[in-house]
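Survey of secondary and tertiary structure
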Amino acid sequence: VTLEITLDNGVTWKIESDSISEDAADVDIDVKIKTKNVPSKKVEEIAEGNETMQLSLAHNGEFGFKASLDIPVEKKHNGKVANLFHYKNNKEFEFMASGKVKNGKATLPFTHASEYVVVFADEAMGEDVSSAAEIYSDSSTILDADSNSADVKVYVITLAVLAFAGFAVARKIRQK
């Protein structure tokens, strides 16, 4: 079971029930986007000339479960890679994960709260070592087509049904 919680600012938490540990914390799920808590000089160093966005998760420390956040971003970032960096101990950055921006959203995994910087680049800026890395990879299919994915799915299902019906009719004609 996946619990989805959408906040007023458009951020959606997705929590997998099987990842909740016995020592799961009482979590403050507030997420502030477009913050300015990381010094701009530090952000410029990690950004390498790319656009960025800062996030601040209200809870202090580990959650006791794995979660991903769907984070609303400007549509101009569609097709870019959102690179998530944890700002550690107010000193240095740690690359956490990356994910392709689709439909004005970046989906990224989180296990603890802190200050984060998202760098929008043409490619991943580090090795994705998250346990959910394959979920956020750049592999896409026709069913992942941007805003028309529901239409594409209906089209593919309709074609499959028509093909099956055609084979069934052809089989009955051969049997006669």
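This section reports on the structure supplied with the text. (Residues numbered from 1 in each chain as written. Predicted model: local features only at pLDDT ≥ 70, side-chain atom pairs only at ≥ 80, totals over all residues. Heavy atoms only, no water.)

Before going further, it helps to spend a moment on helix α1 (residues 40–47). Along α1, the residues that are buried comprise V43, I46 and A47. Buried positions in α1, seen along its axis, are confined to an arc of 100° and lie on one side of it. Opposite the buried face of α1, at more than 90 degrees from it, the exposed residues are K41, E44 and E45. In this fold, the buried residues of α1 make contact with β4 (51–72), β5 (81–88), β6 (92–100) and β7 (105–121). (Buried < 20%, exposed > 50% of the residue type's maximum accessible area, 1.4 Å probe, protein only. Helix = DSSP H or I, 4+ residues; strand = E, 2+ residues; numbered from the N terminus. Arc of directions from axis to C-beta. Contact = heavy atoms within 4.5 Å.)

Further remarks concern the pairing of β7. Of all the 17 residues making up β7, 14 are buried; the element is thus mostly covered by neighbouring parts of the structure. Where β4 and β7 come together, 14 bridges link them in antiparallel fashion. For P72, the partnering residue across the bridge sits in β7 and is K105. Sheet topology places β5 next to β7; six bridges connect them, and they run antiparallel. (Pairing = 2+ DSSP bridges.)

Next up on the list: the environment of G99. Structurally, G99 can be placed in strand β6. When the C-alpha atoms of G99 and E123 are compared, they prove to be 9.4 Å apart, with 24 residues separating the residues in sequence.

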